[in-house]
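Close look at the chain arrangement
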Amino acid sequence: MISDRMAKLLERSAPMSNMYTEGARMKALYGVENVYDYGLGNPNLPAPDIVRETSVRILNETDPWYLHHYMPNNGFIEAREKIAASLNRRFGESYGIDNIIFCTGAAGGINCLLKVLMDPGQEVLTFAPYFGEYDRYADNVGCTLVAVPANAPTFQPDAKEMAKYITEKTRSVLLNNPNNPTGVVYSAQTIREICDVLAEKEKEYGHAIYLISDEPYRELVYDGAEVPWIPDFYKNTIVAYSFSKSLSLPGDRVGYLAFANDVEDFDNIVYGVAVAARIMGFINAPSLQQLVVAECCEETVDISFYDRNRERLYAALTEYGYEVAKPQGAFYMFVKTPTADDKLFAEKAKEYRLIVTPGSGFGCSGYVRLSYCVKYETVEGSLPAFQALMEDFTKK
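Residues numbered from 1 in each chain as written. Predicted model: local features only at pLDDT ≥ 70, side-chain atom pairs only at ≥ 80, totals over all residues. Heavy atoms only, no water.

Strands in a sheet are paired, the pairing made by backbone hydrogen bonds, and the direction either parallel or antiparallel. The four strands are arranged S9-S10-S13-S12 in an open sheet whose pairing can be described as antiparallel. Every interior strand has two partners, whereas the edge strands, strand S9 (323–324) and strand S12 (357–358), have only one. In this structure, strand S10 (residues 332–336) lies alongside strand S13 (residues 367–371), joined through five bridges in antiparallel fashion. Counted as the bridge partner of Val-335 is Val-368 from S13. Each of S9, S10 and S13 touches helix H11 (residues 303–320); the most contacted strand, S10, lies at about 5° to it. (Pairing = 2+ DSSP bridges. Helix = DSSP H or I, 4+ residues; strand = E, 2+ residues; numbered from the N terminus. Contact = heavy atoms within 4.5 Å. Axes fitted to C-alpha atoms, helices over the stretch in contact; angles between N-to-C directions.)

Once that is clear, we can look at the environment of Ile-209. By the element assignment, Ile-209 lies in the loop between helix H8 (188–205) and strand S6 (210–214). In sequence terms Ile-209 and Asp-262 are 53 residues apart; their C-alpha atoms lie 13 Å from each other. In this structure, Ile-209 is in contact with Ile-166, Thr-170, Arg-171, Ser-172, Val-173, Leu-198, Lys-201, Glu-202, Tyr-234 and Asn-236, ignoring residues within four places of it in sequence.

Among the nonpolar cores identified, the biggest contains 64 residues, and Leu-87, Leu-113, Phe-243 and Phe-259 are the most heavily contacted of them. Sequence-distant contacts of Phe-259, defined by excluding residues within four places in its chain, comprise Tyr-95, Asn-99, Ile-101, Leu-113, Thr-237, Ile-238, Phe-266, Ile-269, Val-270 and Val-273. (Core = buried A, V, L, I, M, F, W, Y, C linked by side-chain atoms within 4.5 Å. Buried < 20%, exposed > 50% of the residue type's maximum accessible area, 1.4 Å probe, protein only.)

Tallying each qualifying case throughout the model produces 20 salt bridges. Measuring nitrogen to oxygen at the nearest pair gives 2.6 Å for the salt bridge that ties Arg-90 to Glu-219. With Arg-90 in helix H4 (residues 77–91) and Glu-219 in the loop between S6 and strand S7 (237–242), this pair connects stretches of sequence that are 129 residues apart. Overall, Arg-90 belongs to the partly exposed group, its relative accessible area being 33%. Among the salt bridges present, the one from Glu-215 reaches Arg-218, with a minimum N-O distance of 2.7 Å. (Salt bridge = Lys/Arg side-chain N within 4 Å of Asp/Glu carboxyl O.)

Here it is as structure tokens:
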């Protein structure tokens, strides 16, 4: 018999888990080309050629024992040096190897970080809509996720509203920029206002509030949008990065944490994360991929592929009467449903062979998320279905 706690987690995770099985079921029934699956953020683009070429070269040139042996939990020193050098070059930092910890994707890094920063009963703050697994991350360490309500229709977080939700129990803030599920890029003004409030609250409560900037989509931006570098605004910032999206490597589970030099209790936190990686069973990030991404860390997939999907889908959906905040980043679109019941809408969409994710799973009901990291043919094929679905809800 499973634990009561796990039973509750399974119930909460069911909608996300069902997307895998439902997509497979519908594709088997109707054929892959006849199902328009916008459910998962699983990149359709392959990794850039240089990633494969670098992987082969490293396999051929590196001593097999060295390549596959245990290394410090923080990761290979030479790989951390290259990541630090890239961040220094791009953002004017002065990072060294101690500022960088390789982790099993941003998710693994955030879980280790929360293990270090949080005590049971404390609170992690975030902004709705938010990546649905944040609830589980907080629960993993016995904490509560507190979500600031969504600021529709722009979805730029409201710092004044945020201030109402910070309490003495607030010890960390999870911020995802560009945002999943909206694709919105939080502006420099928004970030500055958030950081100003956090600095004030640190003084008020007499303890650090750590800002964890979750940035797996940093490189996926459009229309000249710029993603602010948050360590420039707030000293207690820790950046969580993943190569799952920028290099289309979600199955390789590799990313890093970058700690600003003036993070309070820097040494203990960095050491603590390394220990947390070990005691939580991660041990270290995949060894080969550390060396590969360190050499490819400034490469990206062909962003124009996603941009084409974004433009076509946005133009069509708004023409059909859907309300959408045009995304400037990532590969998601957050669409207001013509009914307040987003789960009902998602179920109805299946009748048109559309798979979408209810916004209630992201802490924001009345919307659905579309992951447009799909083939362009999927986008084109789905448009009549989206139009008919809207007509189905509005004809009554």
